[in-house]
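Reading the structure
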Amino acid sequence: MRARQTSRAKQTSRLAGAPTLIMAKILVVEDNEMNRDMLTRRLQRRGYEVVIAVDGAEGLAMAQSESPALVLMDISLPVLDGWEATRRLKMAPETKSIPVIALTAHAMSGDRERCIEAGCDDFDTKPVEIARLVGKIEALLQRSKMQ
Amino acid sequence: MPAFRQTTIKRKLIALIMLTSSVALLVAFAFMIASDYLSFRSRMVRDLRTLAAVVGTNGSSALDFDDEEFATKTLAALAATPNITTAAIYTKDGRVLAEYLRDNQSESPPPQPGPERYLFKHGYLTLFHPILRGEERIGSIYLQSTLHEMNVRLMRYGLIGGAIVLGASLIAFLFSSRLQRVISQPILSLAHTAKVVSEQKDYSLRAEKRTDDEIGFLIDRFNEMLAQIEVHEKEIQEVNEQLVQSEQRARAATQAKSHFLANMSHELRTPLNAIIGYSEMLQEEAQDAGQESFIPDLKKINRSGRHLLELINDVLDLSKIEAGKMELYLETFDISNLLEDVSNTVQLLVQKNSNVLEVRCPANLGAMRADMTKVRQSLFNLLSNASKFTKNGKINLEAARELSPTKSDWIVFRVSDTGIGMTPEQQDRVFEAFSQADASTARDFGGTGLGLTITKTFCRMMGGDVTLTSSPGKGTTFIIRLPTEVREPDAESAAPSDSVAARLNMEGKPVLVIDDDADTRQVLKRFLNRKGFSVECASNGEEGLRLAKELHPMAIILDVMMPGMDGWAVLSTLKSKPDLSDIPVVMLTIVDDKNLGYTLGASDYMIKPVDRERLTEILAKFRDISSPRSALVVDDEEADRKMLTQILEKEHWSVIQAEDGVVALEQVAKHRPDLILLDLMMPRMNGYQFVTELHKHDDWRSIPIIVVTAKDMSTEERIALDGYVEKVLPKHALTQDSLLGEIQDLIAACVHAKQAAQNKPVV
């Protein structure tokens with residue numbers, strides 16, 4: 001499972017500078033201002049449209065109102081944490097199909113399991129390695145485009 | 001004799017006493033008989049002599065006249081003495097003058113007189129006696145007497161003696177049976193005490209002393225020994241208790257340390273993220289803006305940041321290991337893919353010291369089942385180590401399958417370098433935490449020195465190990481050996497939610513999951529446990545049917561594609577058995593063949609990936625709850641009240657809300673809830689007052705209460721609630737998710753405790 005993802009990440013990482021879906025809208029749910037700023041700017045540099053939310057509840061609301069193509073979800077969030085936000089996102093029919101990439105601080109085996117359990121489509125660790133993350137984003141965008 | 005040695009002391013004593021008394025009796029009796037026999041014999045001889053003399057005197061005149069008739073008459077008088085069988089009178093020249101035969105059986109007298117003496121022979125006493133007149137011998141007389149009388153007498157003596165011996169033995173037995181207790185009883189009671197002491201390990205027992213003899217002495221010594229053991233035991237116990245306490249303290253300290261480290265690591269990582277991220281971003285922007293000269297410095301910032309991150313991650317791993325919180329996540333993965341992945345990741349590090357990495361991996365290596373993240377991290381640690389300590393050299397990464405005829409196979413990873421190597425002393429310490437080969441190495445080569453410790457722990461967790469061979473100046477080879485199929489660690493490290501699930505087990509019937517894929521089983525089990533279902537798993541159809549028969553589960557979740565007996569076969573078998581056909585079966589599969597499923601009798605049909613909500617709903621339908629559980633949520637904050645209500649309703653509770661203690665009491669009076677979630681700070685009547693009021697009613701005292709508060713409680717406030725509420729959950733410190741988990745766990749525990757002890761107050 002992981003191996004496949006990594007090889008896919010490798011393939012797409014070559015395309016990192018030139019996203020296939022220009023202007024795809026990505027919702028970044030992140031409470032830390034600097035992390036949010038970095039992610040936003042780096043994604044925008046690569047041509048994505050970025051909308052932001054600062055906690056899980058706002059993230060849920062934005063996912064409904066903005067209908068982004070993908071959600072980058074931090075896990076330790078105030079009000080509603082990333083797990084619960086993802087769970088609810090995947091429960092609601094209108095947001096169910098939006099792919100979610102969880103961002104955890106440290107790759108622990110338990111995190112990955114919880115990630116799958118909560119319904120995340122993929123996960124990555126912070127600090128973000130932008131090329132790898134873009135690879136994952138592109139892979140998921142491709143997949144949802146195919147469906 | 002061995003038999004005697006084995007017999008009990010009681011029997012030995014009886015036997016000894018009886019033997020002694022019988023022997024004494026027999027000896028005495030034998031002497032008596034012997035002396036009686038001898039005196040009887042001499043009396044018989046005397047009597048016979050007297051008789052011979054009398055008859056001789058009577059018969060002397062017959063001899064004088066050689067009168068045969070008179071002699072015969074004289075002898076005939078012997079008929080009065082019944083023991084005389086034969087008699088004869090001989091003349092002086094030895095001729096038989098007359099003879100007397102008692103009856104036909106009597107033997108004839110000898111034709112010639114023998115020497116004049118008595119003789120016991122062939123059961124007779126015979127006597128030749130001279131017949132004298134004055135000094136002159138005029139003939140002789142022969143008398144034969146039977147010994148019948150003596151034999152009878154002897155026989156009677158024997159009988160009497162036997163009876164006496166027998167009677168005496170009996171009396172001796174009775175006496176000895178009683179008397180042996182004097183000796184055996186204290187010994188037996190001592191033995192019994194010893195047995196009880198050794199069985200119950202109760203060293204406060206004492207043997208009872210009844211006598212002042214050697215046994216009394218023995219008992220005294222035994223008791224002294226017990227007293228000494230008791231003292232020792234007490235000392236050992238005290239030391240043990242101290243040990244347990246200090247161990248608990250040490251463990252708590254380690255956990256506190258690990259907790260602190262984990263928190264610190266998190267706090268450190270947040271600003272570090274910014275350093276790494278912004279330095280990377282600035283590199284990109286510097287490049288775009290043509291400010292190339294900034295780039296090397298930005299790279300340094302970025303690299304140092306990443307190094308620091310690595311250190312923090314290692315420290316965190318180690319603290320998790322120490323706190324026993326490191327878990328295994330097992331999955332099956334392709335080994336060559338992993339090697340490729342790791343070698344790609346480590347490539348930059350390898351090239352930094354102008355090293356060459358060579359990966360050797362047989363084409364047919366296949367897959368293994370292990371915690372891939374940990375295997376990868378272990379290999380990465382070894383490879384980055386090798387890269388650090390090697391310059392202009394070669395680093396080899398090899399993997400091979402090691403076949404074992406008896407046990408399961410092993411996968412062996414070998415990382416060798418041509419670097420600086422290690423001395424034997426360095427090799428000894430290399431796996432210890434915080435011990436790089438040399439203090440200066442840390443400066444020269446970087447790293448925490450934790451990588452190898454972590455690697456070793458990971459390998460051991462997975463049932464393998466890591467070893468090394470090295471010689472200074474020539475290079476080092478690290479070898480990781482892992483089982484091809486790593487097994488789950490024992491259940492003792494299971495998550496606390498599992499133990500709640502185990503308690504719930506008693507509450508209702510389990511859900512049976514039949515699926516050949518271990519990951520699916522594990523994920524379903526965890527998820528359903530969280531939802532309050534107990535779960536049993538079977539990895540194939542046959543096992544599934546066996547468990548279904550054994551457990552009669554509440555419902556069965558059944559996979560279709562399984563090796564051997566597939567899901568359809570299992571389903572039709574289940575439905576064909578009258579005792580199993582009532583168990584609802586939910587098909588959970590990637591095969592979309594609903595019609596076949598429903599035709600065969602499935603209650604529901606779900607297609608993977610699992611829609612958890614729907615699965616919960618379906619199972620909740622089957623769940624046999626006698627009455628719907630009701631909860632009262634007491635909180636003045638409407639938002640909090642709503643949130644708690646939502647959580648509970650998701651778990652199929654019926655929820656009543658109250659905004660303060662007064663309303664809550666009214667609600668309780670209207671309908672007694674099964675659970676109360678209580679805020680403390682409320683207008684009109686606060687949580688403390690509410691609890692006090694509630695406890696005035698006998699009927700309400702047993703309602704479990706969970707306090708959910710935003711208040712930082714003092715010790716006194718906690719004590720005030722102690723014994724009244726099940727648990728205090730702080731609102732602010734918990735995320736929604738963990739709050740949910742806590743509440744679910746407590747609900748499960750409370751419901752169980754309540755059911756176990758219906759009207760007993762829950763403490």
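A short tour of the structure in this document, coming up.

Quick notes on the rules
- Residues numbered from 1 in each chain as written.
- Chains lettered and ligands numbered in written order.
- Predicted model: local features only at pLDDT ≥ 70, side-chain atom pairs only at ≥ 80, totals over all residues.
- Heavy atoms only, no water.
- Helix = DSSP H or I, 4+ residues; strand = E, 2+ residues; numbered from the N terminus.
- Buried < 20%, exposed > 50% of the residue type's maximum accessible area, 1.4 Å probe, protein only.
- Contact = heavy atoms within 4.5 Å.
- Areas by Shrake-Rupley, 256 points an atom, 1.4 Å probe, with all protein chains shown as cover.
- Buried area = accessible area lost by both parts, 1.4 Å probe.
- Salt bridge = Lys/Arg side-chain N within 4 Å of Asp/Glu carboxyl O.
- Nonpolar A, V, L, I, M, F, W, Y, C, P; charged D, E, K, R; others polar.
- Polar contact = N/O pair within 3.5 Å; in protein donor to acceptor, adjacent residues only side chain to side chain.
- Pairing = 2+ DSSP bridges.
- Axes fitted to C-alpha atoms, helices over the stretch in contact; angles between N-to-C directions.

**Considering the overall build of chain B**
- Scanning chain B for helices and strands turns up 22 helices and 22 strands.
- Expressed as a percentage of its 763 residues, the buried residues of chain B come to 42%.
- If you take every contact in chain B between residues at least 6 apart in sequence, the share linking residues at least 24 apart comes to 63%.
- For chain B, the accessible area works out to roughly 41,000 Å², and carbon and sulfur atoms hold 56% of it.

**Looking at the interface of chain A and chain B**
- Facing the 37 residues of chain A at the interface are 43 residues of chain B.
- Summed over both sides, the interface between chain A and chain B buries roughly 3,500 Å², with carbon and sulfur atoms accounting for 48% of that surface.
- Here chain A and chain B share 6 salt bridges between them.
- Within the residue set of the side of chain A that touches chain B, elements represented by two or more residues are helix 1 (2–13), helix 2 (33–45), helix 4 (82–91) and helix 5 (109–118) of chain A.
- Grouping the amino acids of the side of chain A that touches chain B by side-chain chemistry returns 13 nonpolar, 6 polar and 18 charged.

**Re the side chain of Arg46(A)**
- One can find Arg46(A) in the loop between helix 2 and strand 2 (49–53).
- On the basis of relative accessibility, which here comes to 16%, the residue Arg46(A) falls in the buried class.
- A polar side-chain atom of Arg46(A) sits 3.2 Å from a polar atom in the side chain of Glu284(B).

**Comments concerning the sheet that holds strand 7 (residues 356–360) of chain B**
Residue and element names in this part refer to chain B.
- Pairing is mixed across the open sheet formed by 5 strands, whose spatial order is 7-9-10-12-11. The strands lining the two open edges of the sheet, one partner per strand, are strand 7 and strand 11 (465–471). Going from strand to strand, the sheet's axes swing by 15° on average, the running direction of each strand aside.
- Here 5 bridges tie strand 7 to strand 9 (residues 394–402), and the two strands are oriented parallel to one another. Bridge pairing in strand 9 links Arg360 to Glu398.
- Across the sheet, helix 11 (residues 451–461) is in contact with strand 11 and strand 12 (475–483); its angle to strand 11 comes to roughly 135°.

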